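If you want the building blocks of each chain, they are given just below.
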Amino acid sequence: MIPASVGFQCPACVQQGAATTRAPRRTSGIRGAAARWGTVTLSLIAINVVMFLVTAVSAGLAGFAPLDNFRSPVFAEFSQYPLAVEFGQPWRLLTAAFLHIGLLHLALNMLALLVFGSELERQLGRWRYLGLYLVSALGGSTAIQLFGDPLRPVAGASTAIYGLLGALGVLMLLRRQDVRGILVLLAINVFISFLPGVSLLGHLGGLVTGAAVAALLVFARRRRPVQAAGLAAITVVLLALALGVSTLAVVTL
């Protein structure tokens, strides 16, 4: 017999119990990070970091100072330059959301994406969250295209991140959670948006679009076809506004 905490156990019983006990699974560093922060969130961060490095390298190859991304040929080709969109370069409406001017710009946006994105990815699931992110970025770009300076290039993931903030606020409100914290955070960020060099239009456009997308996803609930159709409809409307106004501007020139 084998001594136990209470009484004794027979050797056969101990062996049988050990045979049926499953060893705990050990996850790798990458899998553990993905489980904690979300696969889509980490992938978006990786894309932004890679694009930042590519932009910085292209600036150096073009003869400019290292990390002077504003002068980079990549930045010039893929940032949102409203006048260029008007003359047939619509990809800038989305690619601008993956470019950053400096290290601080990148670091602040990626930290916000990690915090808010991982939470929304858990709540919404990968594909709905990805749709929210991309459509919010498009919403911010549309606001810039409609009301921004046509000669001023704009870039940054903050259009999409403000969409995440708007979505998180809507989800908390509809679930009757305490929204005072998120409202204070939004107020601080809107105030920051008035600082020189920051795109207030892009932030507000992303914020409103993210809130609208979140409301759609909540009210449609588990009806995935309705959610997909709603996201597609919002995307079409935004593209029609951005590109329609752009086409009209070209015709009137």
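Scroll up a little and you will see the structure.
Below you will find a few notes about this structure. (Residues numbered from 1 in each chain as written. Predicted model: local features only at pLDDT ≥ 70, side-chain atom pairs only at ≥ 80, totals over all residues. Heavy atoms only, no water.)

To continue, consider the packing of aromatic side chains. Taken as a whole and assessed by the stated rule, the structure comprises one aromatic pair. Centroid distance F70 to F75: 5.4 Å. Interplanar angle 45 degrees. Geometry classified as tilted. The exposure class assigned to F70 is partly exposed, which follows from its relative accessible area of 46%. (Phe/Tyr/Trp six-rings, centres within 6.5 Å; stacked < 30°, edge-to-face > 60°. Buried < 20%, exposed > 50% of the residue type's maximum accessible area, 1.4 Å probe, protein only.)

Where helix α8 (residues 126-147) contacts helix α9 (residues 158-174), the two axes come as close as 7 Å, and the packing angle between them is 120 degrees. By the criterion of interaxial angle, the relationship of α8 to α9 is oblique. Classified by chirality, the crossing of α9 by α8 is right-handed. Here Y129, L132, Y133, S136, A137 and G140 of α8 lie close against α9, whose contacting residues are T159, A160, G163, L164 and A167. Its residues assigned to classes, the contact of α8 with α9 shows seven nonpolar, four polar and no charged. (Axes fitted to C-alpha atoms, helices over the stretch in contact; angles between N-to-C directions. Helix = DSSP H or I, 4+ residues; strand = E, 2+ residues; numbered from the N terminus. Parallel < 35°, antiparallel > 145°, perpendicular 65-115°, else oblique. Left-handed = near helix turned anticlockwise from the far one by under 90°. Contact = heavy atoms within 4.5 Å. Nonpolar A, V, L, I, M, F, W, Y, C, P; charged D, E, K, R; others polar.)

A few words now on empty space enclosed by the protein. For the structure on display, the rule yields one cavity of 30 Å³ or more. Lining the largest cavity are Q80, A96, A97, A137, S141, I144, V154, A155, G156 and T159. The element contributing the most residues to the lining of the largest cavity is α8, with three residues. Class assignment of the residues belonging to the lining of the largest cavity gives a composition of six nonpolar, four polar and no charged. (1 Å grid on protein atoms, 1.4 Å probe; cavity = no way out; pocket = protein on both sides within 12 Å on 5 of 7 lines; lining within 4 Å. Points joined across faces, edges and corners; volume = space filled by probe spheres on them.)

Quick look at the layout of surface pockets now. Remark: the empty space left among the atoms is shown by a probe the size of a water molecule rolled over them. Of the pockets and cavities examined, the largest pocket occupies roughly 700 Å³. For the largest pocket, the lining is made up of 27 residues, of which H105, N109, S158, V198 and H203 are closest to its centre. For the lining of the largest pocket, the secondary structure elements donating two or more residues are α7 (103-124), α9 and α10 (180-192). Considered class by class, the residues forming the lining of the largest pocket number 17 nonpolar, nine polar and one charged. Of the pockets and cavities examined, the second largest pocket occupies roughly 200 Å³. If you go around the second largest pocket, the residues you meet are Q123, L124, R128, L171, L174, R175, L217, V218, R221 and Q227. For the lining of the second largest pocket, the elements supplying multiple residues, two or more each, are α7, α9 and α11 (200-220).

What follows deals with unusual backbone geometry. With a phi angle near 60 degrees, R176 is a residue other than glycine that sits in the positive phi range. Its location among the elements puts R176 in the loop between α9 and α10.

Right, let's get into the pattern of salt bridges. Applying the stated criterion across every chain, the model contains two salt bridges. The closest approach of N and O atoms between R122 and E119, which form a salt bridge, is 3.0 Å. Of the two residues, R122 and E119 are both situated in helix α7; the distance of three residues between them amounts to about one turn of the helix. Exposure remark for E119: the relative accessible area of 29% places this residue in the partly exposed category. When the shortest N-O distance is used, the salt bridge between R180 and D178 registers 2.8 Å. A residue is classified by how much of its surface remains accessible, and D178, at 46% relative accessible area, is partly exposed. (Salt bridge = Lys/Arg side-chain N within 4 Å of Asp/Glu carboxyl O.)

The next subject is the packing of α7 against α8. Taken N-terminus to C-terminus, the directions of α7 and α8 make an angle of 135 degrees; their axes are 7 Å apart at the nearest point. One finds that α7 runs oblique with respect to α8. Considering only the axes of α7 and α8, their crossing is right-handed. Contacts from L113, G117, L120, E121 and L124 of α7 reach α8 at R126, R128, Y129, L132 and Y133.

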